[in-house]
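Structure assessment
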Amino acid sequence: MFFDTETTGLDCVNSRIIELAMFTLEDGEITEEYDKFIKINEPLPPKITQITSITDEMLNKEGVSEDIIAQDLKERLTKNTLMIAHNTHFDLSFIYYLLKRHFGDEADEIVSNLDWLDTVTVFKDRKAYPHKLIDAVHYYNIEEVNFHRAIDDTKALYEVTKALKNERDDLSEYINIFGYNPKYGVNGMRFSFIEYKAQYYSNYLRPSDEILPRK
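This text gives an overview of the structure that appears in the document.

Procedures and definitions
Residues numbered from 1 in each chain as written. Predicted model: local features only at pLDDT ≥ 70, side-chain atom pairs only at ≥ 80, totals over all residues. Heavy atoms only, no water. Helix = DSSP H or I, 4+ residues; strand = E, 2+ residues; numbered from the N terminus. Contact = heavy atoms within 4.5 Å. Buried < 20%, exposed > 50% of the residue type's maximum accessible area, 1.4 Å probe, protein only. Arc of directions from axis to C-beta. Salt bridge = Lys/Arg side-chain N within 4 Å of Asp/Glu carboxyl O. Core = buried A, V, L, I, M, F, W, Y, C linked by side-chain atoms within 4.5 Å.

With that settled, consider the side chain of Thr 24. Among the secondary structure elements, Thr 24 is positioned in strand 2 (residues 17-26). Every residue in contact with Thr 24, bar those within four places of it in the chain, is listed here: Met 1, Glu 29, Ile 30, Thr 31 and Glu 32.

Shown next, in the form of structure tokens:
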């Protein structure tokens, strides 16, 4: 499942998801495209509207309540599903706290029963800084989308993941391993089912025996 969130801020405890997009892939075929706005019952920070082009009117008119999203996630996040995002720790943290608000301790079981792949961690082993999704799109000559909208970012993520796999088929090595900048450490909570490894920037495609999971 390829996924992305747009949020009201960077704090996963106090900020909220305002858009959630997911592509479900089974046996190489996209079986579901999911994209929903979420009502938050408070005005959006102007900076968020400026970045995402999402407005209060859009959320109020097209958005659904957070409890509906929580139930949708619970139904879809089935055991052993591989969840793929760009900077997965960020999106995982927001999804976890959304589930926590509605299902309590069951949220821990839901997220720990999944597998997680972070394309930023993979990309850092292959190319020099910067490592945003748009940088990966440019590097692999992928058609640009409307970045900072979850559904469009998810489409770009899908293409980037395919490009990473075609470049070198070692993505399975990175499952449940998140790299972090040792200068700043891990931002926010750590999840017990994720192995966090200090990752220094690389200026080239690292040899297969020097990738982060094997260090």
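A separate point is helix 3 (residues 66-76). Of all the positions in helix 3, only Glu 66, Ile 69, Ala 70, Asp 72 and Leu 73 are classed as buried. Angular distribution of buried residues about the axis of helix 3 spans 165°; they occupy a single face of the element. In the core, the buried residues of helix 3 are packed alongside strand 2, strand 3 (29-37) and helix 4 (88-103).

With that out of the way, let us pick up unusual backbone geometry. With an omega of 5°, the peptide bond running from Tyr 129 to Pro 130 counts as cis. A positive phi is found at Asn 176, a non-glycine position, where the angle reads about 65°.

So, about the pattern of salt bridges. As enumerated under the stated definition, the model contains 17 salt bridges in all. The salt bridge partner of Lys 74 is Glu 106, with a shortest N-O separation of 3.1 Å. Residue Lys 74 is found in helix 3, and its partner Glu 106 is found in helix 5 (residues 106-112); the two are separated by 32 residues along the sequence. The exposure class assigned to Lys 74 is partly exposed, which follows from its relative accessible area of 30%. A residue is classified by how much of its surface remains accessible, and Glu 106, at 34% relative accessible area, is partly exposed. When the shortest N-O distance is used, the salt bridge between Asp 170 and Arg 168 registers 3.0 Å. Accessibility classification places Asp 170 together with Arg 168 in one group, the buried group. Residues joined by salt bridges that share partners form a network here, namely Glu 32, Asp 72, Glu 75 and Arg 76.

Residues Leu 20, Leu 73, Leu 77, Ile 95, Leu 99 and Trp 116 are the most contacted members of the largest nonpolar core, which totals 31 residues. Only strand 2, helix 3, strand 4 (82-85), helix 4 and helix 5 provide two or more residues apiece to this core. Examining the composition of this core, we find that 7 residues originate from one element, helix 4, more than from any other. Here Ile 95 is in contact with Phe 3, Ile 17, Leu 20, Leu 73 and Leu 77, once residues within four sequence places are set aside. In terms of nonpolar packing, the next biggest core, distinct from the first, is built from 25 residues, Phe 23, Ala 150, Leu 157 and Tyr 174 among them.

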